[in-house]
Amino acid sequence: MRDFEFLEPASLAEASRMLADLGDSCRVFAGGTALMLGMRQRMLTPSHLVSLGRLDALRGIGFDARDGLRIGALTLHAEVARSPLVQAHYPMLASMAARVANPQVRNQGTIGGNLCYADPATDPPGCLMALGAQVVVSGSGGERVIPIEDFLVDYYVTALAPDEVVTQIRLPAPGAGADGRYARFLRTAAEHRPLASVALAVRREGAFCVEARLAVGASTPVPARLRRAEALLAGKTVTSELAAEAAAIVAMDINAVSDMRGSDTYRREMVRVVARRTIAGLFGVAPE
Ligand SMILES: Cc1cc2nc3c(=O)[nH]c(=O)nc-3n(C[C@H](O)[C@H](O)[C@H](O)COP(=O)(O)OP(=O)(O)OC[C@H]3O[C@@H](n4cnc5c(N)ncnc54)[C@H](O)[C@@H]3O)c2cc1C
């Protein structure tokens, strides 16, 4: 690994200044789980790392019944998973975070680092998208609040400007009848990373779907909402047949990738199966 300098700014403003001054030769350092792998493999060769470790304002989780959830960018996956606030108000998020990677990564990797790396084969982006997340970023030009759909641009590409850091992730307050489910499909039991993921956040009255937000991740370059399937489910009582019909639309509408972990045809089929089971399971009907 190439030698580097480890910088520890004491404020967000100082961090942004360092990022602006150093440009391409530096990287933000949060938990280091993705960064260190990239550096060890020499895919990344920064001369400076700008650590966020001293910025305590970027830690912690808060909830307000009107404004919803705020998760500091430096919050660990394990902290999201065991937060009583997340468990009480966004159980699908807690359940997702508890399944990220393995205990080592969950106790070192941050939710902000996950979003900023923008690796498609990960869990939080799709789940946060279904929950209507916004990403708060801060740089020398001030603060911006970006819907997650606009924050995630492409494979390993985000809307962050070079001098910006993610400070917080916000989720709207859950509405009446809010419920949700996150499902991930692994190609083999030994793999940590999902091959496909389906996140479904709904408002429902029993088996009647008032509103649905469905996002597919890991099988696509960036997670995407599946609006046709959402529209099909909204305003209907969900049956096994409707779940199967919506899942078929989901599989048809995704921009499936083909790579060494699976062809686009295989991924579409897995997404269809996972989506059908997720929809049926959430509404308590047997999958067809
Ligand atoms: C073995 C292994 C298995 C994994 N399996 C899974 C899995 O099953 N599911 C899953 O979802 N993820 C998985 N991951 C990915 C993991 O979630 C991420 O590596 C982790 O969340 C990254 O967070 P970090 O704090 O370590 O980021 P770092 O490694 O510190 O940084 C990652 C990138 O984001 C940038 N960055 C970090 N924080 C910020 C910020 N606040 N603002 C601006 N830029 C920032 C860094 O500059 C760097 O480019 C796995 C990782 C490993 C190593």
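Please refer to the structure placed before this passage.
How each quantity is defined
- Residues numbered from 1 in each chain as written.
- Predicted model: local features only at pLDDT ≥ 70, side-chain atom pairs only at ≥ 80, totals over all residues.
- Heavy atoms only, no water.
- Near = heavy atom within 4 Å.
- Polar contact = N/O pair within 3.5 Å; in protein donor to acceptor, adjacent residues only side chain to side chain.
- Areas by Shrake-Rupley, 256 points an atom, 1.4 Å probe, with all protein chains shown as cover.
- Helix = DSSP H or I, 4+ residues; strand = E, 2+ residues; numbered from the N terminus.
- Nonpolar A, V, L, I, M, F, W, Y, C, P; charged D, E, K, R; others polar.
- Pairing = 2+ DSSP bridges.
- Axes fitted to C-alpha atoms, helices over the stretch in contact; angles between N-to-C directions.
- Contact = heavy atoms within 4.5 Å.

Peer 1: Give a detailed account of the site of the ligand, specifying residues and quantitative values.
Peer 2: Of all residues adjacent to the ligand, which total 32 residues, the nearest are Val 28, Gly 31, Thr 33, Thr 110 and Asp 123. One of the backbone nitrogen or oxygen atoms of Gly 31 is found 2.7 Å away from an oxygen atom of the ligand. Ala 101 has a polar backbone atom sitting 3.0 Å from an oxygen atom of the ligand. Taken by itself the ligand offers 970 Å² of open surface, and the protein chains cover 92% of this. Those elements that place two or more of their residues in the shell around the ligand are strand 2 (26-29), helix 2 (33-40), helix 7 (111-117) and strand 10 (165-171). Residue composition of the shell around the ligand, by class: 18 nonpolar, 10 polar and 4 charged.

Peer 1: Explain the sheet that holds strand 5 (residues 68-72) to me, using residue names and the numbers behind them.
Peer 2: Reading across from one edge, 4-5-10-6-7 is the order of the 5 strands in this open sheet, with antiparallel pairing throughout. The strands lining the two open edges of the sheet, one partner per strand, are strand 4 (61-64) and strand 7 (142-147). Averaged over all adjacent pairs, the angle separating strand axes in this sheet is 20 degrees, with direction ignored. Bridging between strand 4 and strand 5 involves 4 bridges; their strand directions are antiparallel. Within the sheet, the bridge partner assigned to Asp 64 lies in strand 5 and is Gly 68.

Peer 1: Explain the sheet that holds strand 3 (residues 48-51) to me, using residue names and the numbers behind them.
Peer 2: Taken in spatial order, the 3 strands of this open sheet run 1-3-2, and their pairing is parallel. Edge positions in the sheet fall to strand 1 (5-7) and strand 2, since each has one partner strand and no second. Neighbour to neighbour, the strand axes of the sheet diverge by 25 degrees on average, direction disregarded. Sheet topology note: the strand 1/strand 3 ladder contains 3 bridges and is parallel. Of the residues in strand 3, the one forming a bridge with Leu 7 is Val 50. On the sheet, helix 1 (residues 12-22) packs against strand 1, strand 2 and strand 3 and is oriented at approximately 165 degrees with respect to strand 3. Across the sheet, helix 2 lies against strand 2 and strand 3, angled at about 145 degrees from strand 2, the strand it touches most.

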